[in-house]
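# Per-entry structural report
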Amino acid sequence: MALRLLTALALFIDAGVHLFLAPGYQNTQPGTVSQGTLFLLEAAAALVAGVYVLVRGSRAAYAVALVVALSAFAAVVLYRYVDIPAIGPIPAMYDPVWFFSKSLSAVAEGAGALLALAGLVRGRHRKTSDAGAGVRSRRFRR
């Protein structure tokens, strides 16, 4: 249960930071999506993934959490160090400065990805050991 709570907490911190920052990134050029809108989509994805992990705690929930957290972590690090031009409707989001909110979201995303990975690995091992225990218990019931 602690792993579920920590994974969800990391995702909720990520969502909170993106919701907090979104209004300041709403300016957009014609034909593109604003960075603020992308932040709102990330916040929604992180909230959904966090709730899913809390409610289910299944391998699928941890897989969703891993995808959301890892993709957000990769994006914040990539756009911090690489000046990628606009790609279609996605704006150029290069921001070469670490500030508190950005750092907080990066740490939460990185931790969330590691926790979700741990949940996936733990779920696989638990499923394997549970299957073995079920076989043994059926043998002894005879």
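A few points on the structure. (Residues numbered from 1 in each chain as written. Predicted model: local features only at pLDDT ≥ 70, side-chain atom pairs only at ≥ 80, totals over all residues. Heavy atoms only, no water.)

### Observations concerning helix 1 (residues 2-21)
The end-to-end C-alpha distance of helix 1, which contains 20 residues, comes to 29 Å, matching closely the 28 Å that a straight helix rising 1.5 Å per residue would cover. Where helix 1 is concerned, the buried positions are Leu3, Thr7, Ala8, Ala10, Leu11, Asp14, Ala15, Val17, His18 and Leu21. (Helix = DSSP H or I, 4+ residues; strand = E, 2+ residues; numbered from the N terminus. Expected span 1.5 Å × (residues − 1). Buried < 20%, exposed > 50% of the residue type's maximum accessible area, 1.4 Å probe, protein only.)

### A closer look at the nonpolar core
Counting residues in hydrophobic clusters, the biggest one holds 16 residues, and the most contacted among them are Leu11 and Tyr62. For this core, the element with the highest residue contribution is helix 3 (residues 59-81), accounting for 6 residues. Not counting residues up to four positions away in its chain, the partners in contact with Tyr62 are Leu3, Arg4, Thr7, Val53, Gly57, Leu115, Ala116, Gly119 and Leu120. (Core = buried A, V, L, I, M, F, W, Y, C linked by side-chain atoms within 4.5 Å. Contact = heavy atoms within 4.5 Å.)

### What about the environment of Val121?
With respect to the helices and strands, Val121 occurs in helix 4 (residues 100-141). Judged by its relative accessible area of 33%, Val121 is partly exposed.

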